[in-house]
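Take a look at the letters that make up each chain.
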Amino acid sequence: MPDDPVLQAKPDRHFELKLGQTLFTKSINGKSFHDIPPMTVKEGDHVIITVSSEGGGDHPFHLHGHVFRVLRKNGEALQGSPVYLDTLLTKKGETYELYLEADNPGLWMIHCHNLKHASMGMSMMLNYEGITTSYRVGTKSGNLPDL
């Protein structure tokens with residue numbers, strides 16, 4: 001629709017996520033979990049997330065606690081009815097533009113739903129400003145998600 005409110009909204013935040021692999025890890029922006037900074041949003045933000053797959057296999061990109069709308073694939077706007085997902089299969093060389101309305105405050109995991117890839121580092125967080133937890137992850141805590 002030419003007057004689509006999502007396409008008219010000015011994004012409050014924009015994040016770029018490059019899914020790939022380094023020598024021994026699967027990565028997001030060249031880093032692996034716990035070294036990937038979280039995407040931090042405020043409740044009510046309109047967020048654009050650009051996800052591109054640079055290799056290392058197919059990556060089903062999964063966001064907990066939200067659905068996102070797929071706006072574009074490889075720069076081309078999607079046609080027809082809007083597509084809302086919580087998981088999007090990405091293949092090498094593909095780039096997607098996603099729209100997210102930050103409407104569910106919390107601390108939410110984002111990861112490759114190929115859990116072998118997630119356990120090799122392709123995991124990160126979507127955090128809302130002002131939300132904290134006393135829980136920690138990592139080898140020191142013994143809390144190792146996806147292993």
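Each remark here, short or long, concerns the structure printed above.
Residues numbered from 1 in each chain as written. Predicted model: local features only at pLDDT ≥ 70, side-chain atom pairs only at ≥ 80, totals over all residues. Heavy atoms only, no water.

Colleague: Whenever I open this one, the environment of Gly-56 confuses me. Can you help?
Modeller: Along the chain, the position of Gly-56 falls in the loop between β4 (46–53) and β5 (59–63). On a C-alpha basis, the gap between Gly-56 and Lys-91 in space is 9.1 Å, while along the polypeptide they are 35 residues apart. (Helix = DSSP H or I, 4+ residues; strand = E, 2+ residues; numbered from the N terminus.)

Colleague: Would you take a moment to explain the pattern of salt bridges for this structure?
Modeller: If the charged atoms of two oppositely charged side chains come close together, the side chains can form a pair. According to the stated counting rule, one finds six salt bridges in the structure shown. A salt bridge links Asp-58 to Lys-91; the shortest N-O distance between them is 3.0 Å. Highlighted residues: Asp-58 in the loop between β4 and β5 and Lys-91 in the loop between β9 (87–90) and β10 (95–101), separated in sequence by 33 residues. For Asp-58, a relative accessible area of 36% translates into the label partly exposed. The exposure class assigned to Lys-91 is partly exposed, which follows from its relative accessible area of 36%. Overlapping salt bridges bring together Arg-13, Asp-45 and Glu-129 as one network. (Salt bridge = Lys/Arg side-chain N within 4 Å of Asp/Glu carboxyl O. Buried < 20%, exposed > 50% of the residue type's maximum accessible area, 1.4 Å probe, protein only.)

Colleague: What should I look at first to understand the environment of Val-6 in this one?
Modeller: Tracing the sequence through the fold places Val-6 in helix α1 (residues 5–8). Put simply, Val-6 and Leu-71 are 65 residues apart on the chain and 9.2 Å apart in space, counted from C-alpha to C-alpha. Excluding residues that lie within four positions of it along the chain, Val-6 makes contacts with Arg-69, Leu-71, Tyr-84 and Tyr-99. (Contact = heavy atoms within 4.5 Å.)

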